[in-house]
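Survey of secondary and tertiary structure
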Amino acid sequence: QLADQIIINPYLNRKMLRDSRSFFGRRREIATIYGRIGAARPQSVSIVGERRIGKSSLLYYINDPENRRAWLRDHEKYTFIFMDFQEKRSVPLSGFFASLFEALAVETGEAADSLPDPGYDGFKRICEDFDRRNRKLILLFDEFESITKNKNFDPEFFSFLRSVANNYNVAYITSSVKNLQELCYNREISDSPFFNIFSNLNLSAFTEEEALEFVSQPSRQAGHPLEEHFETVVDLAGYFPFYMAIACSVLFEFDFSRAVPKRTVYENVEDRFLDEAGMHFQFILRSLSPDEIETCRKIMSGEPLSDLDRYAARNLLKRGYLIESGSPPELRLFSRTLGRMIKEELLRRPQS
């Protein structure tokens, strides 16, 4: 009976979402990716976004068989292969093909020894066989920069991948923190025509509508609705799903009977939020250039922006660290808490 009274916090997961029922938002991005995959000849997509923005979860959603059935006409003609390179930053070429062929055997139900030998020729034979049977092969490569930065993969490898995509019904869906051409170990690789086969999809923060769904729906289903605290979540975390999950988790478990009466809800929970989010916010601070820090300072203090500031602001908007809202539109930091940390960082710096 006691177990029946336990309320499970639905915001605890900090890893890639493997259950599509826990996945929220991204309808536009999902439609775009499946639209590319479902073209007469499947097209390749490069998903680009900041760390912890949900790239892996989106790839996993795209790979889910139920979602394929819902989004793709003739879904049975597709074979999807998911490869995660997060832990394979020094994989050799032979290891890449060995992992690919192992995944192919699992996905197609073939015995591994019935497939050709792993390698360029063997993979080309598989693609030819897929074409003869009017099948399409979709390769999902998570954290693909681990390959473009890996000196074990020479220009021939990327030329081969491009040739396969151009000649057979094969497409690649990759994820990376920046455009892949910025993440290559030398100029020859970054200049490869391989990258021309991709359309870029920039994955940024949630829309306001997506953010509200994320705050309200899981908490309501768990019997502890948080909709009334939506503005507090946004003040803490902006519209970034990872930080929103931390903020919602804190609010879900916060004992309001012990709240300090003279403080707002935001002030009561901010330090608890920073217990987990602080180290990630520090990473953001370290990733900002001095010009970007100065632009943030001016925005917070309401100072006019120079041309250099506006250039920095465009980059920060693209990364989701600034939000444009209102009419006429005004810029603000995505998180009031991050703004507080920037001010503290500036106070620690020696005055020139």
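Right above here is the structure, for reference.
The structure reproduced in this document is the subject of the present report. Keep in mind it's a predicted model, so treat the numbers as computed, not measured. (Residues numbered from 1 in each chain as written. Predicted model: local features only at pLDDT ≥ 70, side-chain atom pairs only at ≥ 80, totals over all residues. Heavy atoms only, no water.)

**A word on the packing of aromatic side chains**
Counted under the stated rule, the structure contains 42 aromatic pairs. Pairing Y34 with W71 gives two aromatic rings, centres 5.6 Å apart and planes at 15°, and the pair type is stacked. In this pair, Y34 sits in helix α1 (residues 27–37) while W71 sits in helix α3 (residues 65–71), placing the two residues 37 residues apart along the sequence. In this structure Y34 comes out as buried when scored by relative accessible area, which is 3%. Judged by relative accessible area, W71 falls into the partly exposed class, the value being 32%. R51 extends its terminal NZ or CZ atom over the ring of F283, reaching a point 4.0 Å from the ring centre. (Phe/Tyr/Trp six-rings, centres within 6.5 Å; stacked < 30°, edge-to-face > 60°. Helix = DSSP H or I, 4+ residues; strand = E, 2+ residues; numbered from the N terminus. Buried < 20%, exposed > 50% of the residue type's maximum accessible area, 1.4 Å probe, protein only. Lys NZ or Arg CZ within 6 Å of the ring centre and 35° of its normal.)

**Considerations on the packing of helix α10 (residues 230–237) against helix α11 (residues 241–253)**
At a closest axis distance of 9 Å, the pairing of α10 and α11 adopts a crossing angle of 130°. Considered as vectors, α10 and α11 are oriented oblique to each other. Crossing of α10 against α11: the hand is right-handed. Across the interface between the two elements, T232, V233, L236 and A237 of α10 pack against Y243, M244, A247, C248 and L251 of α11. When its residues are assigned to classes, the contact of α10 with α11 shows 8 nonpolar, 1 polar and no charged. (Axes fitted to C-alpha atoms, helices over the stretch in contact; angles between N-to-C directions. Parallel < 35°, antiparallel > 145°, perpendicular 65-115°, else oblique. Left-handed = near helix turned anticlockwise from the far one by under 90°. Contact = heavy atoms within 4.5 Å. Nonpolar A, V, L, I, M, F, W, Y, C, P; charged D, E, K, R; others polar.)

**Points about helix α2 (residues 55–63)**
Taken across its 9 residues, α2 has 8 buried, putting it largely inside the fold. Buried residues belonging to α2 abut α1, β1 (44–48), α3, β2 (78–84), β3 (136–142) and β4 (170–176).

**Let's talk about the sheet that holds β4**
Strand order in the open sheet made by the 5 strands is β2-β3-β4-β1-β5, with parallel pairing throughout. With one partner strand each, in any of the chains shown, β2 and β5 (198–202) form the two edges of the open sheet. Neighbouring strand axes in the sheet, compared pairwise and without regard to direction, differ in orientation by 15° on average. In this sheet, β3 lies alongside β2 in parallel orientation, the contact comprising 7 bridges. (Pairing = 2+ DSSP bridges.)

**Remarks on empty space enclosed by the protein**
Summed over the entire model, instances satisfying the criterion amount to 1 cavity of 30 Å³ or more. Its boundaries defined by the atoms lining it, the largest cavity holds a volume of some 40 Å³. Lining the largest cavity, in full, are L17, R18, D19, S20, F23, S57, Y60, Y61 and D64. Broken down by class, the residue content of the lining of the largest cavity amounts to 4 nonpolar, 2 polar and 3 charged. (1 Å grid on protein atoms, 1.4 Å probe; cavity = no way out; pocket = protein on both sides within 12 Å on 5 of 7 lines; lining within 4 Å. Points joined across faces, edges and corners; volume = space filled by probe spheres on them.)

**Details of the environment of R51**
Summarising the element assignment, R51 is placed in the loop between β1 and α2. Its relative accessible area of 30% is what places R51 among the partly exposed residues. For the pair R51 and V177, spaced 126 residues apart in sequence, the C-alpha separation works out to 6.3 Å. R51 has contacts with V177, H280 and F283, leaving out every residue within four places of it along the chain.

**So, the nonpolar core**
Membership of the largest hydrophobic core comes to 68 residues, with the highest contact counts inside it found for I37, Y243 and F273. Here the element with the most residues in this core is α11; it accounts for 10 residues. Excluding residues within four positions of it along the chain, I37 makes contact with P42, Q43, I62, L72, Y78, F80, I138 and I173. Among the nonpolar cores identified, the runner-up in size contains 39 residues, and I126, F141, L180 and C184 belong to it. (Core = buried A, V, L, I, M, F, W, Y, C linked by side-chain atoms within 4.5 Å.)

**Quick word on the packing of helix α4 (residues 93–108) against helix α5 (residues 120–132)**
As a packed pair, α4 and α5 sit with axes 10 Å apart at the nearest point and diverge in direction by 30°. Comparing the axis directions of α4 and α5 gives the class roughly parallel. In this structure, α4 meets α5 at a crossing whose hand is left-handed. Side by side, α4 and α5 meet where L93, F97, L100, F101, L104 and T108 of the first sit next to Y120, G122, F123, I126 and F130 of the second.

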